[in-house]
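Below are the chains, spelled out letter by letter.
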Amino acid sequence: MPTIELNQILFASTLTTFQQFGLSHFAAVAICLLCGAAVIMTVRRHPTHERSISRLLGILSLAALPGSILATLATEPDATWQELLPLHFCDIMLIVAAISLFYPSQAACSCTYFCSLAATTQALITPSLQYDFPAPVYFSFFFCHGIVVLIALYHPLARHWVSPETGKYISQLFGILYLITIHPINMAFGFNFGFTMHPPSSASILTLLGAWPWYMFTMQIPAFIIFYLLDLPFRRQRTKRSSVSMKK
């Protein structure tokens, strides 16, 4: 049976437009929160499981990329190859998040923490998603974004990681480098990865930051403020570590 016919049989009658702040939206976010809390609490109560759970999260983060492609094809068999490219910022963050678990350097952990909580969380609040439950892309979208946010919180809450003073600056530079790198690709092929060509069609904070291309610049201001606020919980811990180091 041709793929498109199978798709029509399985999903044609259930493909509905995603509604922001609808029941399926709140349900998905709630499940992400509950699963994330369960993982973090498990590691906090059983520290000996931290290594194995970290590896599992890293594997799931990497597996989310091909999973997202398969979900897109299952929902839209006629999707173009351009639509399947893993070049969205969340796609990049899935890789960075996995690296931060397998090779937990300060730079990788910082980018995962700051960029995920500043950008990926916003995507969970105002999803740029076409189809609603039970379309495969619905599950893929929330899994990809949810696991990135989970790993971002997992580092400080489960692994007791403390961001260095430079963490927020490195993370903002990483975000800027992504935009600088992806924009020429968007211009050359007519893509819109990172929304550097136009804001998403659904409601987004980008629409509040001015018209294109100015929002690409103005967005750096709230980004810096959010990074600064996300860094505040680490200040006391850095001061304590500095004091202990000086006493030694």
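For the structure itself, look to the data block above.
Every value quoted in this text rests on a predicted model; they were computed, and no experiment measured them. (Residues numbered from 1 in each chain as written. Predicted model: local features only at pLDDT ≥ 70, side-chain atom pairs only at ≥ 80, totals over all residues. Heavy atoms only, no water.)

Enquirer: Honestly, the overall build of the chain in this entry has me stumped. Any pointers?
Expert: Looking only at helices and strands, the chain has 10 helices and 0 strands in total. Its helices and strands taken in sequence order, the chain reads α-α-α-α-α-α-α-α-α-α from the N to the C terminus. Per-residue burial over the chain gives 41% buried out of 248 residues. Relative to all contacts within the chain whose residues are 6 or more apart in sequence, the contacts with residues 24 or more apart total 73%. Approximately 13800 Å² of the chain is accessible, and the part contributed by carbon and sulfur atoms is 71%. (Helix = DSSP H or I, 4+ residues; strand = E, 2+ residues; numbered from the N terminus. Buried < 20%, exposed > 50% of the residue type's maximum accessible area, 1.4 Å probe, protein only. Contact = heavy atoms within 4.5 Å. Areas by Shrake-Rupley, 256 points an atom, 1.4 Å probe, with all protein chains shown as cover.)

Enquirer: What exactly am I supposed to notice about the environment of Ala71 here?
Expert: Within the element layout of this structure, Ala71 appears in helix α3 (residues 50-75). Accessibility expressed as a relative area gives 8% for Ala71, which makes it buried. C-alpha of Ala71 to C-alpha of Ala135: the two residues are 64 residues apart in sequence and 8.3 Å apart in space. The residues contacting Ala71, other than those within four sequence positions of it, are Pro136, Val137 and Ser140.

Enquirer: So what exactly am I meant to see when it comes to the environment of Met41 here?
Expert: Residue position: Met41 is located in helix α2 (residues 23-45). Along the sequence, Met41 and Leu157 sit 116 residues apart, while their C-alpha atoms lie 8.8 Å from each other.

Enquirer: How should the packing of helix α6 (residues 106-125) against helix α7 (residues 136-157) be read in this particular structure?
Expert: The axes of two packed helices give the description: the angle between them and the distance between them. Two elements in contact, α6 and α7, have axes whose closest approach is 8 Å; the angle formed by their N-to-C orientations is 140°. Considering the angle they form, α6 stands oblique to α7. In this structure, the crossing between α6 and α7 has a hand that is left-handed. Packed against α6, whose contacting residues are Cys109, Thr112, Tyr113, Ser116, Leu117, Thr120, Thr121, Ala123 and Leu124, the element α7 presents Phe141, Phe142, His145, Gly146, Val148, Val149, Ile151, Ala152, Leu153, His155 and Pro156 at the interface. Looking at the contact of α6 with α7 residue by residue, the class counts come to 13 nonpolar, 7 polar and no charged. (Axes fitted to C-alpha atoms, helices over the stretch in contact; angles between N-to-C directions. Parallel < 35°, antiparallel > 145°, perpendicular 65-115°, else oblique. Left-handed = near helix turned anticlockwise from the far one by under 90°. Nonpolar A, V, L, I, M, F, W, Y, C, P; charged D, E, K, R; others polar.)

Enquirer: Would you mind showing me how to read the pattern of salt bridges here?
Expert: Pairing between side chains of opposite charge can happen when the charged atoms of each approach one another. Per the stated rule, a full pass over the model turns up 3 salt bridges. A salt bridge links Arg159 to Glu50; the shortest N-O distance between them is 3.5 Å. Taken as a pair, Arg159 in the loop between α7 and α8 (167-189) and Glu50 in helix α3 lie far apart in primary sequence, 109 residues in all. Of the charged contacts in the structure, one is a salt bridge between Lys168 and Asp231, with a shortest N-O distance of 3.2 Å. With Lys168 in helix α8 and Asp231 in helix α10 (residues 220-247), this pair connects stretches of sequence that are 63 residues apart. Residues Lys168 and Asp231 agree in their burial class; the two are buried. Through salt bridges with shared partners, a single network forms among Glu165, Lys168 and Asp231. (Salt bridge = Lys/Arg side-chain N within 4 Å of Asp/Glu carboxyl O.)

Enquirer: Help me understand α3, please; the structure alone is not making it clear to me.
Expert: Within an α-helix, residues lying three or four positions from one another point in the same direction, as the helix has 3.6 residues per turn. Its 26 residues give α3 an end-to-end C-alpha distance of 36 Å, which sits within 8% of 38 Å, the value for a rise of 1.5 Å per residue. The largest bend in α3 comes to about 30°, at Ala64, with the proline Pro66 one to four residues further on. Of the positions making up α3, those classed as buried are Ile53, Ser54, Leu57, Gly58, Ser61, Ala64, Leu65, Ala71, Thr72 and Thr75. (Expected span 1.5 Å × (residues − 1). Bend = angle between axes of the 7 residues up to and from the residue.)

Enquirer: It is not clear to me how the environment of Val43 should be interpreted in this structure. Could you clarify?
Expert: Inspection of the secondary structure puts Val43 in helix α2. Taking C-alpha positions, Val43 is 8.1 Å from Arg159, a pair spaced 116 residues apart along the chain. With near-sequence residues (within four places) excluded, Val43 lies in contact with Glu50, Ile53, Tyr154 and Ala158.

Enquirer: Looking at this structure, how should I read unusual backbone geometry?
Expert: Most peptide bonds adopt trans geometry, and most residues besides glycine take a negative phi value. Put simply, Phe133 and Pro134 share a cis peptide bond, and its omega is 10°. Position of Pro134 relative to the elements: it lies in the loop between α6 and α7. A positive phi angle, near 60°, is found at His160, a position not held by glycine. Within the secondary structure, His160 sits in the loop between α7 and α8. A positive phi is found at Phe195, a non-glycine position, where the angle reads about 55°. Along the chain, Phe195 falls in the loop between α8 and α9 (215-218).

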